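# Descriptive analysis of the structure
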Amino acid sequence: MGTPVNIIVGSHVWVEDHSLAWVDGEVSKLNGEDAEIQTSNGKRVVANLSRIYPKDMEAPAGGVDDMTKLSYLHEPGVLQNLKIRYELNEIYTYTGNILIAINPFQRLPHLYDAHMMQQYKGAPFGELSPHVFAVADVAYRAMINEGKSNSILVSGESGAGKTETTKMLMRYLAFLGGRVATEGRTVEQQVLESNPVLEAFGNAKTVRNNNSSRFGKFVEIQFDKQGRISGAAIRTYLLERSRVCQISDPERNYHCFYLLCAAPQEEIEKYKLGNPKSFHYLNQSNCYELVGVSDAHDYLATRRAMDIVGISGKEQDAIFRVVAAILHLGNIEFTKGKEIDSSVPKDEKSKFHLNMTAELLMCDPRALEDALCKRVMITPEEVIKRSLDPLGATVSRDGLAKTIYSRLFDWLVDKINVSIGQDPNSKSLIGVLDIYGFESFKANSFEQFCINFTNEKLQQHFNQHVFKMEQEEYTKEAIDWSYIEFVDNQDVLDLIEKKPGGIVALLDEACMFPKSTHETFANKLYQTFKNHKRFIKPKLSRTDFTIAHYAGEVLYQSDQFLDKNKDYVVPEHQDLLSASKCSFVAGLFPLLPEETTKSSKFSSIGSRFKLQLQQLMETLSSTEPHYIRCVKPNNLLKPAIFENVNIMQQLRCGGVLEAIRISCAGYPTRRAFFEFINRFGVLAPEIVEGNHDEKVICGKILEKKGLKGFQIGKTKVFLRAGQMAELDARRAEVLSNAAKTIQHRIRTHNARKQFIALRKATIHVQSLWRGRLACKFFESMKREAGAVKIQKNIRRYQARKGYSKLRVSGLVLQTGLRAMAARKEFRFRKQTKAAIIMQTRWRCHRASSYYKKLKRASIVSQCRWRGRIARRELRKLKMAARETGALKEAKDKLEKHVEELTWRLQLEKRLRTDLEEAKTQEITKLQNSLQSMQIKIDETSALLVKEREAARKAIEEAPPVIKEKQVIVEDTKRIDSLTGEVESLKASLHLEEQRADNSERRYAEAQESIEEKQKKLQETEGKVHQLLESLSRLEEKLTNLESENQVLRQQAVSVSMAPNKFLSGRSKSIVQRSAEGGHIVGDPKPALDMHSHSIIQRDHPEVEEKPQKSLNEKQQENQELLIRCIAQHLGFAGNRPIAACIIYKCLLQWRSFEVERTSVFDRIIQTIGNAIETQDNNDVLAYWLSNASTLLLLLQRTLKASGAAGMAPQRRRSSSATLFGRMTQSFRGTPQGVNLSFVNGGLNGGVDTLRQVEAKYPALLFKQQLTAYVEKIYGMIRDNLKKEISPLLGLCIQAPRISRASLVKGSSRSLANSAAQQALIAHWQGIVKSLGNFLNTLKANHVPPFLVRKVFTQIFSFINVQLFNSLLLRRECCSFSNGEYVKAGLAELEHWCYKATDEYAGSAWDELKHIRQAIGFLVIHQKPKKTLDEISHDLCPVLSIQQLYRISTMYWDDKYGTHSVSSEVISNMRVLMTEDSNNAVSNSFLLDDDSSIPFSVDDISKSMEQIDILDIEPPPLIHENSGFSFLLPRAD
């Protein structure tokens, strides 16, 4: 609470507000005891200083997970912290060890999955974020470790989420303790399956909740000695019986009545039911249906739940018959009878319901009427029957209805408990109490009185527990607490339950007198408690009274207290129903002993309620309690709405504020030493700078400030109420003075800076003005000089202009005169030239005419003469014409031949794509044809030459005149035409030759293309050959596996397994998996061709002999010697393990793989098993991992199942039917790897040259067992490293405290800071050292790099999971400085991966992607400027929205005080999370560690290189033994 000392002007405070409960503001003025406050919502408020609370301005932006860490533990501080966390979807918050759970009204599946359970399993309380699992884990650990039963009390008003919280508690307890199944269903499943039944008959709609539990439920979960759930029981308390007969608007009666009215039609007709409005017990309220709820669907669901619980169909019919009977019973109305004070059914409708009630209860209608309307009074003299008036009959009717329903509910609970089953031998239990919370309505009746009485009892228990926790805290810190007073509510309990003067006792007394009324009862209360401080009499009412409960004052209306409290055991009702023909109804009312039936014994609801409550408190007192307070954030039942006033009321009702009041009575403020120094070190910097212990520093600071009453414990400073505010005020004063000093300096600096700037500006202005004056003077001089220059230029311009004008005029005159003279000269010359041309043309024409006439006469004369000569020549040439006909025939032949050649060429074009042989023949024919044609052309050319010679001779012999004149002869033209045709034929021939050449060239190109294709085909055939070889190997592997499976299935029953439990279990699982996978068929290789090794067979006939069925004595001695030898550490030859090579060579030499029965395999396996019993020795494990993996590799490449050859023919036939099968037939016929030879007992060749041995069952089983051991040893090595680094990982996720203390101690302690920096990465260096030692061990034992990479990949994945999950679950880790710390540690790991090289580290660094990106987000600057797209795609692409949201909301900057991402980004994340939860079940934001074996035998075989086992020297133990001479290496 604030005091005038620590509240000053400018202080940030909380002040009460009617609508918001509390509102923050700043003090603007102080007026004595009052303060004027400017609130954050814009109002100006005046409040008394005693009603003002200081506000912590340095509180974390995301709130604190434990409210005891609040600097100011008061109502507004608690409310603000809860609000901040609720807005971030942090629904759980601690107050000490009390958990406050706020109902989110939305699904948050990531908070309750198996990943989250695993994280909280065994985690210390308070180390992880608050959670219901943490409370359950503490209760379970306390039960296991201390052997004491525990209880978890879940309280809260209707709709706060008590039932869901109870479900989560039971789920987690089942997860921790394991499960003991009963009839196929686990205990917690049975308990949860009973919920629908209990909710149908025990829940109802109230003002605040549509499904409010109207009874208390205490679930006892029983555990056996091993800590497993062995049984459970459900105890119910305080069922609200009066609700059966009386309800108020807008509430409803119990759900079962409405469910039955919505049952299928045949059920309704069977029970003569109808609309709920027609029944008196239901129509007292106007609410008959619930929004979004189908009563018909819930009826069927309830019937199914009854089936699951174990209620038979006959019992279900009886139950709903009783429910229907109660509804009909409520519709029976009474009126006055004929006799005085008697009553009878009012009308036919009432008689109908009376008969229906009797029919459903299977009793006599007349007896039922008498039981309702009459009473039997037994006196010593006689038995008297007394009639009841209509009011009494109505009370009797309602009493019967309440009694029947109460008995029915008790029967259901007993039936459920029988179905679940209890463990009578259980010594430990954890009880979960789910009970209604404190209630205060406008109208509060007897039900609210009982409920609040219960909560007062529980609150007393709660206060005692809180005070006890406070005492334990003080004792642990070794401080004095003897003077602290305990806050108790015993006076209220005495007011209610004390005998004989309590309210319950007075109520029972009033009920025993027939003439008592509520007025007399109220007056009795007023007289009895008029001086009681907790009892208040209202001024305006005569029957109401007020009780000041721990949660506030409640006004009760006593009008119906007497009626609701009466619970007479009416003998008539008992006799009537116990005589029912329905066994179920009779079972509800068993016969009572005779002494109880003689008279009506008084019983009241209040007394029974008080007795049950006493039993409940006794149960709780015998257990260690844990508290969960459920809070409903709003009455709209919607998410993201936080109603301050409503929540404050619930915190009061839940006792949370009472717990705070208890804390405030002692030391409400507790701060760890380093936190106290970090906050208040500024009050005494000289003390902090000194080399003092933190505890001493804290004490000196407090002593310096003159505080009294504080305590200093072992690890914390404890401050009394108000002292934190006083220290904050002193701190604010120091900071204010420091701020003033800084302001003074800054203002001085600013003033001097301003003066210097002003002086500089003045000088600058002066220089500017002087420059301006000079400029003006210069401008004047410039203007004057300019004017003179302008005048000079204008005058010069005018003179030049006059001169230019005169000059132009002269030029124009000269030009005109010269042009006139030129034109005259041109006309004269033109006329002279025309005359000359005309003379030239005429003379030319005259000469040309004369020449033409002379030429024409000459030509006519020549023609006449030449014609005569030609006619003479014609007669001579006619004889030669006959020889020209032969030439024509030759020409025709050539034309036909050319056409034929042309056709053939076209045909050759069409057939160009035919086979090569056809092309060659056609080209040959074409060449022959061309040769013949060339010959004929040559012949024709020869004839033409002869003809020309003859013609030439004839011309020479002709007269000379002929030589001088040109003679035109018709035959000569023909010869010329023929010659032209011959030339054209030659051209055509040349063209065809070119085409032929083109064809030959194309043929050559086609040949080259064919050769290239043949080369490619050969390459393809080579690849096909390789693929076929790979296929054959795979087929052989599949065949081997199938044959192994067949052999294992045949002999699995009679197998004698090794004595190792791990191997026997694994071998069975392998046999089962092999049997299940038997449908896989491989394409086996053909049998190996051994004929190529006949020489080897002749040299060593013993190799091909049939294996012996049993070993002789010499072999047994050799085996014994081998076992003794390999039990020793034989070391390595290079990088090859000697033991594996020796074992393999011996087994191969002894032909142990081919015998039907041998014990050598079991003895080898047993030797390996004995060697690795010490799981902590990594050197031994690495040695045997190297040997086992090498031996497995040799077996994998050598052993072949014996059933492979039998299945080969069928597969071969199926594959040979295709073209691909025919192509591969030659490949499959090639022998595969037959290259084994023995020379003097020596083995030649490496692994790749080993022949495959057809192994029998023992060898195949040995291979399976060896595989299991490789996986087991690998897992042991990996788990050992995990155990080694796990403790360091818990220290690596959060920076050591020394780093934070160094921030306070100043820069003067640089040496200490450097030491602190070295201490920062000490834990990370420990991890790096462990990894380095581990790697050296694996290298020293030559473990295959493939396995080393797998180990470190899984180890880094484990580091990623542990660090990332811890980061998300611990808010103190999501800070800026912590991010820098983890980033430095990750750099150490990265450096280790670099030094380890990719050969051994592989992709291990990539496994840290989650923690790397999360840490990268923590240390980036300007987070509010980042968008969601940048964060989710650029910064943290691997993280999910849930993970980003969690980190963003938990982040706090302890170094620079910056903020997280913007509210807009947070809202967008929340929308995406809501969409994810609506679309599908959201994944957990936690990561899961993968502990599987990440490799197979084939992976090892492919990754390991060839091993040469020839030159392995045998160990000394067997070196000289003749039986092992085959092991000696032989020189080539």
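Above this text is the structure in question.
Here goes a summary of the coordinates provided.

This next bit is on the sheet that holds strand 11 (residues 216-223). With mixed pairing, the seven strands of this open sheet are ordered in space as 6-7-21-8-17-11-12. The two strands at the open ends of the sheet, each matched to only one other strand, are strand 6 (92-95) and strand 12 (229-237). On average, each strand axis in the sheet is inclined to that of its neighbour by 20 degrees, with strand direction left out of account. Bridging between strand 6 and strand 7 (residues 98-102) involves four bridges; their strand directions are antiparallel. Bridging across to strand 7, Y94 finds its partner in L99. Along the sheet, helix 3 (residues 132-146) contacts strand 6, strand 7, strand 8 (150-155), strand 11, strand 17 (428-434) and strand 21 (624-631); its crossing angle with strand 8, the most-contacted strand, is approximately 155 degrees.

A word on unusual backbone geometry. A cis geometry characterises the amide bond from D249 onward to P250, with omega recorded as 5 degrees. Its identity as a non-glycine residue notwithstanding, K272 has a phi of 55 degrees, on the positive side. Among the secondary structure elements, K272 is positioned in the loop between helix 8 (265-271) and helix 9 (295-309).

The next thing to look at is the pairing of strand 19 (residues 544-549). Most of strand 19 is tucked away: six of the six residues are buried. Of the two faces of strand 19, the one lined by D544, T546 and A548 and the one lined by F545, I547 and H549 are each fully buried. Relative to strand 20 (residues 552-557), strand 19 runs antiparallel, the two sharing six bridges. Bridge pairing in strand 20 links A548 to E553. The hairpin formed by strand 19 and strand 20 contains two residues between the paired strands.

On to a nonpolar patch on the surface, then. On the surface, a nonpolar cluster with roughly 250 Å² of combined accessible area is contributed by V376, I378 and V383. Looking at the secondary structure, you find I378 in strand 15 (residues 374-378). Relative accessible area serves as the criterion here: at 48%, I378 is assigned to the partly exposed category.

Turning to the pattern of salt bridges, a few remarks are in order. Summed over all chains, the structure comprises 32 salt bridges. Note that E251 is salt-bridged to R243, the shortest N-O span being 3.0 Å. Taken individually, E251 and R243 each receive the classification buried, so the pair is uniform in this respect. As a salt-bridge pair, D295 and R252 come within 3.7 Å of each other at their nearest N and O atoms. Note that D295 is positioned in helix 9 and R252 in the loop between strand 12 and helix 7 (255-261), a separation of 43 residues in sequence. This pair shows no difference in class: D295 is buried, exactly as R252 is. A single network of salt bridges, built from pairs that share partners, joins R214, E240, R243, E251 and E439.

Definitions and cut-offs
- Residues numbered from 1 in each chain as written.
- Predicted model: local features only at pLDDT ≥ 70, side-chain atom pairs only at ≥ 80, totals over all residues.
- Heavy atoms only, no water.
- Pairing = 2+ DSSP bridges.
- Helix = DSSP H or I, 4+ residues; strand = E, 2+ residues; numbered from the N terminus.
- Axes fitted to C-alpha atoms, helices over the stretch in contact; angles between N-to-C directions.
- Contact = heavy atoms within 4.5 Å.
- Buried < 20%, exposed > 50% of the residue type's maximum accessible area, 1.4 Å probe, protein only.
- Patch = residues over 30% accessible without salt bridge, like charges linked within 9 Å, V, L, I, M, F, W, Y side chains within 5 Å.
- Areas by Shrake-Rupley, 256 points an atom, 1.4 Å probe, with all protein chains shown as cover.
- Salt bridge = Lys/Arg side-chain N within 4 Å of Asp/Glu carboxyl O.

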